[in-house]
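Working through the structure, step by step
Listed here are the chains, written in short residue letters.
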Amino acid sequence: MENSRNDNGEHAKQNNNNDVAPITSSDRTNVIVNHDFSLGMHSWHPNCCEASVVTADSGISHGVLDPSTYVVVKNRKETWQGLEQDITSRVKPCCLYKVSATVAVSGLVQGMVEVMAILKLENQQSPTNYQFIAKTCVFKEKWVRLEGMFSLPSLPERIVFYLEGPSPGIDLLIQSVTIHLESEPELERQEGVTVEDENLVVNPNFEDGLNNWSGRSCKIVCHDSMADGKIVPLSGKAFAAATERTQSWNGIQQEITGKVERKRVYEATAIVRIYGNNVTNATVQATLWVQNPNQRDQYIGIANVQATDKEWIQFKGKFLLNGSASRVVIYIEGPPPGTDILLNSLTLKHAEKIPPSPRPAIENPAFGVNILTNSQLSDGTTNGWFPLGNCTLSVAEGSPRILPPMARDSLGPHEPLSGRYMLVTNRTQTWMGPAQMITDKLKLFLTYQISVWVKLGSGINSPQNVNVALGIDSQWVNGGQVEINDDKWHEIGGSFRVEKQPTKALVYIQGPSSGVDLMVAGLQIFPVDRLARIKHLRRQSDKIRRSDVTLKFSGADASKLSGATVKVRQTRNSFPVGTCISRSSIDNEDFVDFFLKNFNWAVFGNELKWYWTEPEQGKLNYQDADDMLNLCSSNNIETRGHCIFWEVQATVQQWIQRMNQTDLNSAVQNRLTDLLNRYKGKFKHYDVNNEMLHGSFYQDKLGKDIRVNMFKTAHQLDPSATLFVNDYHIEDGCDPKSCPEKYIEHILDLQEKGAPVGGIGIQGHIDSPVGPIVCSALDRLGILGLPIWFTELDVSSINEHIRGDDLEVMMWEAFGHPAVEGVMLWGFWELFMSRDNSHLVNAEGDVNEAGRRLLAVKKEWLSHANGHIDQNGAFAFRGYHGNYAVEVISSSSQKVLKTFVVEKGDSAQVITVDLQGL
């Protein structure tokens, strides 16, 4: 069996059908009255222009090939002027309608022009909305078919359909228009099948051939077998192949407009494989194309998988639509051109709600107790250890007897180390070193700290990485790294957590080049008590974020003041807490509500990055950033500008990468000028050149001075903005490229060359955070005297309680350190985070345990005090810096409400409050 269909894709299909048969349907299901103008202009109205009917015997010609009846819309002064019809009484909510119109243009036409179908949605009590349906490209003197879909979740008071689009002076010709009902909500369902269970994909297993499916700019074929019977369906009797693919985004698709609701979570499941072109494995992805009423296209990656040509594989993923959609298409794409995508089935259902995870029960956590055997080599042997590979282990003396500093901060007073170390010789591979099995010693969901002294033997002539690694079943886990280029002892500090029971777990030390001897002393792995750490941070925060305050009351009689009741409530802490937002997210009013209630700063995830604002040379898109900035500024939310440039080559547009040095210099200057002039004074911070410790595209192309010049030019264009460096893995001890020492060296180098670096950005994408390790990095960076911000903080755990623990630790580490001046979360809403299992609010708006922990921390950062005015007309309390309201109630029950601010600073503050009117 082989049925085929060739579809040139939505845009190609619309643009290439220049010879189109007229729509002659006269059935009464057509929403449009007088669809072919056989009744003249009955029910049709020109929109601020003129229109008349032309017939075959009228003697009028517009050069159009077909001489049948049509309307000419003329004397158009604006692009939006065209022909309209009121269809209010003939459409129903939640139904899917298909629009089809035959159109042409005449007059002063040069090349190709666009014609669009639009809905005007009017309500007396709210502004008029416009919902885009479809557009097509039209050449002079050719009839073209315009087709699209629409669905209205609810009906406004008035619905007007109209056609518009060509430039002023060009006549719009319309031969016929139909709007037909494609589908409506099913009222009756099979017994036992609920809305949640229903598959929204029609013909999901190709039992009805290729009906309801189309190729996305490629050919699709239905098979019962391929490759001489070697490929057969995994389930059912048929599968589809997307073939003759010339682009990676070509594939197989189905329109689901009107079937998915906004703010609902859906799960798609697909069974796929690949075939042909000598490609044995490739990424296959399920993607959602969404066209919004304002004609903004959005592509949502649902899920992807590494597919092979050997077997079928299933993958699944979830998505949510934040805003209204005029069209929605789900499609399968991904492999290189020339490779076929085989699809056995695709299901799309409402996602099942997963119940919240309970807090893990951890018996006898034994905080601070080393789980390793014979760490101190006390008996002079390596008992409990074994060599990984054919290296040799022996015991020697002369290592430090003190705990490494980060371990000392966690463990407090502790017995000295033995002074013995393991000497690892005869290493012939980088991964060779001492190892120990720890499978039975690990407890799930505990956070473990790693601490060790390491040193290298003589003879090294280049920097060497030394790494504490863990093998958890087949997964490699980074337990901390350091770069060594001398003969001194170095501390490695790291952390890890296991959330699924392993069948095999070992720890080992590796990294230096073959032939380099390795020395290891006092390796410890112990669970950390984060509650104890937070108690310490609360005490620390009290010292740096609170002040003694005396309110001195005036403006009222002493008789009314003495003994009056005082209620002090802090309304806002001055410590900034912000979040990442996206353009699509602000279409969701639930997202916006949580955002505005709980954050006072914002950063845009992608919408200010160069690849977003100028994806193609000269085609600028600032609308998304403008929309987001308007939301923030109208609600007194401060914003960070992220980012002007991004130094990692994989993030740089291809058109930029292809430039020669001269053109690239000009493009960089234009980017700075366009962005900084457009938003001058609107962004408080800018990340000037993101991740310079991990990338060097612009420096490699334009020389070392380009980084300094970027900072200098940005400062000249917008002197009010604080200019930041921004990078990752600064705070967790697991990346020698971006350890605090390398970051300090990098910042000082920029400053010495004149770059006005004003702030230090630590991204904060951290796993299983341990306070002393984070604090150690902050202490070292703090010597520069620059403000430090966590700019992209997120934490991840499959358990909401553990995720909340991680977030709480990081919030207090930031709040409790004097060098840190703000925290930005890298999002909070499920399905709109860069990391899995990091969200604080579930996709449909329920705040989870991690989110509740954030709110509890922020609540704890607000000071309150109650009491009475003393005989000196004063009231004293200790409170966090920020905004306050004070209510004073006299003995006669008169009330006065005033506001005041406790400024940042160490010294006690006396604040005068005028109670005139009491």
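Now for a look at the structure at hand.

Conventions and cut-offs
Residues numbered from 1 in each chain as written. Predicted model: local features only at pLDDT ≥ 70, side-chain atom pairs only at ≥ 80, totals over all residues. Heavy atoms only, no water. Helix = DSSP H or I, 4+ residues; strand = E, 2+ residues; numbered from the N terminus. Buried < 20%, exposed > 50% of the residue type's maximum accessible area, 1.4 Å probe, protein only. Contact = heavy atoms within 4.5 Å. Areas by Shrake-Rupley, 256 points an atom, 1.4 Å probe, with all protein chains shown as cover. Lys, Arg positive; Asp, Glu negative; His and termini not counted. Charge placed at Lys NZ, Arg CZ, Asp CG, Glu CD. Axes fitted to C-alpha atoms, helices over the stretch in contact; angles between N-to-C directions. Parallel < 35°, antiparallel > 145°, perpendicular 65-115°, else oblique. Left-handed = near helix turned anticlockwise from the far one by under 90°. Nonpolar A, V, L, I, M, F, W, Y, C, P; charged D, E, K, R; others polar. Salt bridge = Lys/Arg side-chain N within 4 Å of Asp/Glu carboxyl O. Pairing = 2+ DSSP bridges. Right-handed = clockwise from strand over helix to strand, strands pointing away. Expected span 1.5 Å × (residues − 1). Polar contact = N/O pair within 3.5 Å; in protein donor to acceptor, adjacent residues only side chain to side chain. Core = buried A, V, L, I, M, F, W, Y, C linked by side-chain atoms within 4.5 Å.

The next thing to look at is the overall build of the chain. Along the chain, the regular secondary structure elements total 15 helices and 46 strands. In the chain, buried positions account for 55% of the 918 residues. For the chain, contacts bridging at least 24 residues in sequence account for 77% of all contacts bridging at least 6. In the structure as shown, the chain presents an accessible area of about 39,500 Å², 47% of it carried by carbon and sulfur atoms. Each charge sign in the chain was given a centre, from 87 positive and 106 negative side chains, and these centres are 3 Å apart.

The subject of this paragraph is the packing of helix H3 (residues 530-545) against helix H14 (residues 800-815). Axis separation between H3 and H14 bottoms out at 8 Å; the angle between their running directions is 30°. Here H14 runs roughly parallel to H3, going by the angle between their axes. Relative to H14, H3 is oriented so that their crossing is left-handed. For the pair H3 and H14, the contacting residues are Arg-530, Arg-533, Ile-534, Leu-537, Arg-538, Ser-541, Ile-544 and Arg-545 in the first and Ile-802, Asp-805, Asp-806, Glu-808, Val-809, Trp-812, Glu-813, Ala-814 and Phe-815 in the second.

For the rest of this paragraph, the subject is the packing of helix H9 (residues 661-678) against helix H11 (residues 705-717). Contact pair H9 / H11: the axes reach a minimum separation of 9 Å and the direction vectors enclose 30°. Classified by the interaxial angle, the pair formed by H9 and H11 is roughly parallel. As for the relative orientation of H9 and H11, their crossing is right-handed in sense. Packed against H9, whose contacting residues are Asn-665, Val-668, Gln-669, Leu-672, Thr-673, Leu-676 and Asn-677, the element H11 presents Ile-706, Met-710, Thr-713, Ala-714 and Leu-717 at the interface. The residue makeup of the contact of H9 with H11, split by class, is seven nonpolar, five polar and no charged.

Tallied over the full model, the rule gives 42 salt bridges. A salt bridge links Arg-583 to Asp-627; the nearest nitrogen and oxygen atoms lie 2.9 Å apart. Of this pair, Arg-583 sits in the loop between strand E34 (577-581) and helix H5 (589-598) while Asp-627 sits in helix H7 (residues 623-634), and the two are 44 residues apart along the sequence. A relative accessible area of 9% places Arg-583 in the buried class. Put simply, Asp-626 and Arg-678 hold a salt bridge, and the shortest N to O gap is 2.5 Å. Of the two residues, Asp-626 sits in helix H7 while Arg-678 sits in helix H9, which places them 52 residues apart along the sequence. When its relative accessible area of 17% is taken as the criterion, Asp-626 is described as buried.

Turning next to the pairing of strand E35 (residues 601-604). Side chains Trp-601 and Val-603 of E35 all project onto a buried face; the interleaved residues Ala-602 and Phe-604 project onto the opposite face, where all are buried too. In this sheet, E35 lies alongside E34 in parallel orientation, the contact comprising four bridges. Residue Cys-580 lies in a different strand from E35, and its bridge partner there is Val-603. In the classification by handedness, the crossover that spans E34, the intervening H5 and the parallel E35 is right-handed.

Okay, helix H15 (residues 849-860) next. Here H15 contains twelve residues, and its C-alpha end-to-end distance of 16 Å stays within 8% of the 16 Å for a straight helix at 1.5 Å per residue. Looking only at H15, the buried set comprises Glu-849, Ala-850, Gly-851, Arg-853, Leu-854 and Val-857. Summarising the contacts, the buried residues of H15 are in contact with H14 and strand E41 (820-825). For H15, the N-terminal capping position is held by Asn-848, with its side-chain oxygen 3.1 Å away from the main-chain nitrogen of Ala-850.

On to the sheet that holds strand E25 (residues 433-437), then. With respect to topology, five strands assemble into an open sheet ordered E22-E25-E30-E27-E28, the strand pairing being antiparallel. Two strands lie at the open edges of the sheet, namely strand E22 (386-388) and strand E28 (475-484), each paired on one side alone. If you compare each strand with its neighbour and ignore which way they point, the axes differ by 25° on average. Pairing of strand E27 (residues 464-472) with E28, which is carried by eight bridges, proceeds in the antiparallel orientation.

With 111 residues, the main nonpolar core has Leu-551, Phe-553, Val-568, Phe-595, Tyr-686, Tyr-698 and Met-811 as its most contacted residues. Looking at this core element by element, the count peaks at seven residues for H14. Excluding residues that lie within four positions of it along the chain, Val-568 makes contacts with Leu-551, Ser-863, His-864, Ala-865, Asn-866, Phe-875, Phe-877, Tyr-884, Ala-885, Val-886 and Phe-900. One finds Ala-242, Ile-274, Leu-288 and Leu-346 within the second-largest nonpolar core, a separate group that totals 41 residues.

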